[in-house]
Amino acid sequence: MAWSESVDTVLSNKEGLAAFRTFLKSEFSEENVEFWLACEDFKKTKSSTKIALKAQKIYSDFIQADAPKEINIDFHTKNDISQNISEPTLRCFDAAQSSIYCLMAKDSFPRFLRSEVYKDLVKKHQDRNQKRWLPFL
């Protein structure tokens, strides 16, 4: 299955992403994919007013100390974001997003591929493909 190739494949597929989120939720690390998705959305923002609002929301949800969905990033990255959040740019979360992406790719994703959530997804897909090829069953 193509999803086993990379975390990118899973993140770019609606069904794969939903399964990955379910898995991360079971591991109490769903904030990682939520942060990554929030950053992807943020980078598409055009209006400077919306950039400031979205940046503050991402900061308060994921970065600041005791944030409700605080992500685990190194002190220097967190400090850089904190110092620059008053004048955010579309790249202000890039280092943190890259760090979280690497964490998901090297840590969470391999465990996801061994999980029941992934096995169920593969089986569901195989069953669906079998029915497509054998509609008379």
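What you see is a predicted model; the values in this text were computed from it and never measured.

What counts and what doesn't
Residues numbered from 1 in each chain as written. Predicted model: local features only at pLDDT ≥ 70, side-chain atom pairs only at ≥ 80, totals over all residues. Heavy atoms only, no water. Salt bridge = Lys/Arg side-chain N within 4 Å of Asp/Glu carboxyl O. Helix = DSSP H or I, 4+ residues; strand = E, 2+ residues; numbered from the N terminus. Buried < 20%, exposed > 50% of the residue type's maximum accessible area, 1.4 Å probe, protein only. Disulfide = S-S within 2.5 Å. Phe/Tyr/Trp six-rings, centres within 6.5 Å; stacked < 30°, edge-to-face > 60°.

## Description of the pattern of salt bridges
- Applying the stated rule across the entire model yields 13 salt bridges.
- Linking lysine 124 and glutamate 15 is a salt bridge whose minimum nitrogen-to-oxygen distance equals 3.5 Å. Taken together, the residues lysine 124 in helix α7 (residues 116–133) and glutamate 15 in helix α2 (residues 14–26) connect sequence positions 109 residues apart.
- We note a salt bridge from aspartate 41 to lysine 54, for which the minimum N-O separation is 3.1 Å. Taken as a pair, aspartate 41 in helix α3 (residues 30–42) and lysine 54 in helix α4 (residues 48–63) lie far apart in primary sequence, 13 residues in all.
- Note on aspartate 41: relative accessible area 41%, which makes it partly exposed.

## Some points on the state of the cysteines
- The full count for this structure, using the stated rule, is zero disulfides.
- Cysteine cysteine 39 is unpaired, with the sulfur of cysteine 92 as its nearest cysteine sulfur at 8.0 Å.
- Cysteine 102 carries a free sulfur, and the closest cysteine sulfur to it, the one in cysteine 39, is 13 Å from it.
- With a relative accessible area of 33%, cysteine 102 lands in the partly exposed category.

## Looking at the packing of aromatic side chains
- Overall, the coordinates contain eight aromatic pairs when judged by the stated rule.
- A centroid spacing of 5.1 Å and a plane angle of 70 degrees characterise the contact between phenylalanine 20 and phenylalanine 112, whose relative ring orientation is edge-to-face. Residue phenylalanine 20 is found in helix α2, and its partner phenylalanine 112 is found in helix α6 (residues 94–114); the two are separated by 92 residues along the sequence. Per residue, the accessibility class of phenylalanine 20 equals that of phenylalanine 112, and both read buried.
- Taken together, a centroid distance of 6.3 Å and an interplanar angle of 35 degrees make the contact between phenylalanine 109 and phenylalanine 112 tilted. With phenylalanine 109 and phenylalanine 112 both in helix α6 and three residues apart, the pair spans about one turn of that helix.
- Phenylalanine 109 sits in the buried class, given a relative accessible area of 6%.
- Members of the aromatic cluster, joined through ring pairs, are Phe20, Phe23, Phe109, Phe112 and Tyr118.

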